[in-house]
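# Reading the structure
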Amino acid sequence: MIDLSSDTVTRPSKAMLAAMMVAPVGDDQRQEDPTVNALQEKVSDLLGKEAALFLPSATMANEIALKVHTHPGDEAIVERSSHFVTSEAGGPAFLSGVMLHMLEGKRGIFTAQQVEAGIRRDDPHCPPTRVVCVEQTSNRGGGSVWPLDALRGVAETARKHGLRTHLDGSRLMNAVIASGIDAREHVRGYDSITFCLTKGLGCPIGALLAGHREVIRAARRYKHLFGGAMRQAGIIAAAGIYALDHNVTRLKDDHANAKRLAELIASASNLNIDVAAVETNLVYFDVAQTGLLGQEFVNQLLARGVRVTSSAGPTLIRAVTHFDVSRCEVERAGRIIAELAQSASQSVARTAPAR
Ligand SMILES: Cc1ncc(COP(=O)(O)O)c(C=O)c1O
């Protein structure tokens, strides 16, 4: 099976496992795990932030960031298709008691003007706006890369109004490789950063929250409170160090593979895709013209040996390239997708009632 369902399906390579086997470890709850400490320093240095905290998942990093930046009853500005909204089980409401003010972005990207307009007036009827969150790259925006001036504009506007800023950089290194711009520049001016190890970087577990020392000090308490404080976590942190040393520059292969997949998909006249919009490793396309619903298309594709997902819309499909899928498999998958689309249209035409 060619699994294009997510960049999280990768398995640790032999070399990564070897690095994990020999990692020096200690009790991370006491901050005594040397490998965890080394990873935290490596990521804070990469992002140009004062400190970083190793966590089990990017969801936990996002939710802890929100908890640190807000009080119950506050409002957070987010994009309506962001992970906070679609995929964190209502965490902002449940864990932080915050309202989400959802902006409508273009491919997940919104403007400083939208932030300005979204900030609540100082009025007892309104929840106080406290934080602005962006997602780099934007998952449901199609793996789109926020341009630097858009990121900066949002951060500056937020600061001008005394708001905190959070950047969900679960796929930050995809943005770095696609743009050729240093990670520090992407996150400059943001108070906290989620940095995930399990997406394109090929690790089995882990994410970090980076930011100012005071933000991370507060985050460490919530890590414990949320049950994320681990013991000899160096065994998994070692995978992160290995990934940062070996698996970053190769993301350009995933991006080239995604572009090739998009071209093959575009060869089917009844599949709708914007090839130019494929900037990183996520490929979204619409199957409405095949006459199938997204989930039907997913099921029929699975029967042909290709796995994709359909959760972003009734006829929208997502395919993701990653470490564990080769150029050859991408070529094969692209052809199978195009063939299924063509044959689906023909069988729909055959079964349509005569007029
Ligand atoms: C943009 C974004 N943020 C956060 C997450 C959460 O990552 P995890 O499921 O590993 O906690 C994901 C997961 O796909 C994501 O795409």
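Residues numbered from 1 in each chain as written. Predicted model: local features only at pLDDT ≥ 70, side-chain atom pairs only at ≥ 80, totals over all residues. Heavy atoms only, no water.

## Quick look at the packing of helix 2 (residues 34-47) against helix 11 (residues 234-246)
Where helix 2 contacts helix 11, the axes come no closer than 8 Å and their chain directions differ by 35°. In this structure, helix 2 crosses over helix 11, and the sense of that crossing is left-handed. In contact with Thr 35, Val 36, Ala 38, Leu 39, Lys 42, Val 43 and Leu 46 of helix 2, helix 11 contributes Gly 234, Ala 237, Ala 238, Gly 240, Ile 241, Leu 244 and Asp 245. For the contact of helix 2 with helix 11, the class distribution of residues is nine nonpolar, three polar and two charged. (Axes fitted to C-alpha atoms, helices over the stretch in contact; angles between N-to-C directions. Helix = DSSP H or I, 4+ residues; strand = E, 2+ residues; numbered from the N terminus. Left-handed = near helix turned anticlockwise from the far one by under 90°. Contact = heavy atoms within 4.5 Å. Nonpolar A, V, L, I, M, F, W, Y, C, P; charged D, E, K, R; others polar.)

## Let's talk about empty space enclosed by the protein
Across all of its chains, the model carries two cavities of 30 Å³ or more by this definition. Approximately 60 Å³ is the volume found for the largest cavity. As for the largest cavity, its lining consists of Gly 169, Ser 170, Arg 171, Leu 172, Met 173, Asn 174, Phe 195, Cys 196, Lys 199, Gly 200, Leu 201 and Leu 251. At the level of secondary structure, the elements contributing two or more residues to the lining of the largest cavity comprise helix 8 (172-179) and strand 7 (192-196). It is helix 8 that contributes the most residues to the lining of the largest cavity, three residues altogether. Residues of the lining of the largest cavity, tallied by class, amount to six nonpolar, four polar and two charged. Of the pockets and cavities examined, the second largest cavity occupies roughly 30 Å³. Every residue lining the second largest cavity is listed: Val 78, Glu 79, Ser 82, Phe 84, Cys 133, Val 134, Glu 135 and Asp 168. Those elements giving two or more residues to the lining of the second largest cavity turn out to be strand 3 (75-79) and strand 5 (129-135). The element that contributes the greatest number of residues to the lining of the second largest cavity is strand 5, accounting for three residues. (1 Å grid on protein atoms, 1.4 Å probe; cavity = no way out; pocket = protein on both sides within 12 Å on 5 of 7 lines; lining within 4 Å. Points joined across faces, edges and corners; volume = space filled by probe spheres on them.)

## Notes on the nonpolar core
Core analysis: the biggest nonpolar cluster contains 49 residues, and Leu 47, Phe 54, Phe 195 and Leu 201 have the highest contact counts within it. Not counting residues up to four positions away in its chain, the partners in contact with Leu 201 are Met 16, Met 173, Phe 195, Cys 196, Ala 243, Leu 244, Asn 247, Val 248 and Leu 251. In terms of nonpolar packing, the next biggest core, distinct from the first, is built from 30 residues, Val 306, Ile 317, Ala 333 and Leu 340 among them. (Core = buried A, V, L, I, M, F, W, Y, C linked by side-chain atoms within 4.5 Å. Buried < 20%, exposed > 50% of the residue type's maximum accessible area, 1.4 Å probe, protein only.)

## A word on the site of the ligand
Near the ligand you find Ser 57, Ala 58, Thr 59, Asn 62, His 83, Glu 135, Asn 139, Asp 168, Ser 170, Arg 171, Thr 198 and Lys 199, and these make up its full shell. Between Ser 170 and the ligand, the recorded distance is 3.1 Å, taken from a side-chain N or O atom to a nitrogen atom. Against a free-state accessible area of 390 Å², the protein chains account for coverage of 81% of the ligand. At three residues, the largest contribution of residues to the shell around the ligand is made by helix 3 (residues 58-69). Looking at the shell around the ligand residue by residue, the classes come out as one nonpolar, seven polar and four charged. (Near = heavy atom within 4 Å. Polar contact = N/O pair within 3.5 Å; in protein donor to acceptor, adjacent residues only side chain to side chain. Areas by Shrake-Rupley, 256 points an atom, 1.4 Å probe, with all protein chains shown as cover.)

## Regarding the pairing of strand 6 (residues 164-169)
Most of strand 6 is tucked away, with five of its six residues classed as buried. Of the strand pairs in this sheet, strand 5 and strand 6 are connected by five bridges, and their pairing is parallel. Among the inter-strand pairings, Glu 135 is bridged to a residue of strand 6, identified as Asp 168. In this fold, the crossover linking strand 5 to strand 6 by way of helix 7 (residues 148-160) has right-handed handedness. Sheet topology places strand 6 next to strand 7; four bridges connect them, and they run parallel. Within strand 7, the position partnered with Gly 169 by the bridge is Phe 195. (Pairing = 2+ DSSP bridges. Right-handed = clockwise from strand over helix to strand, strands pointing away.)

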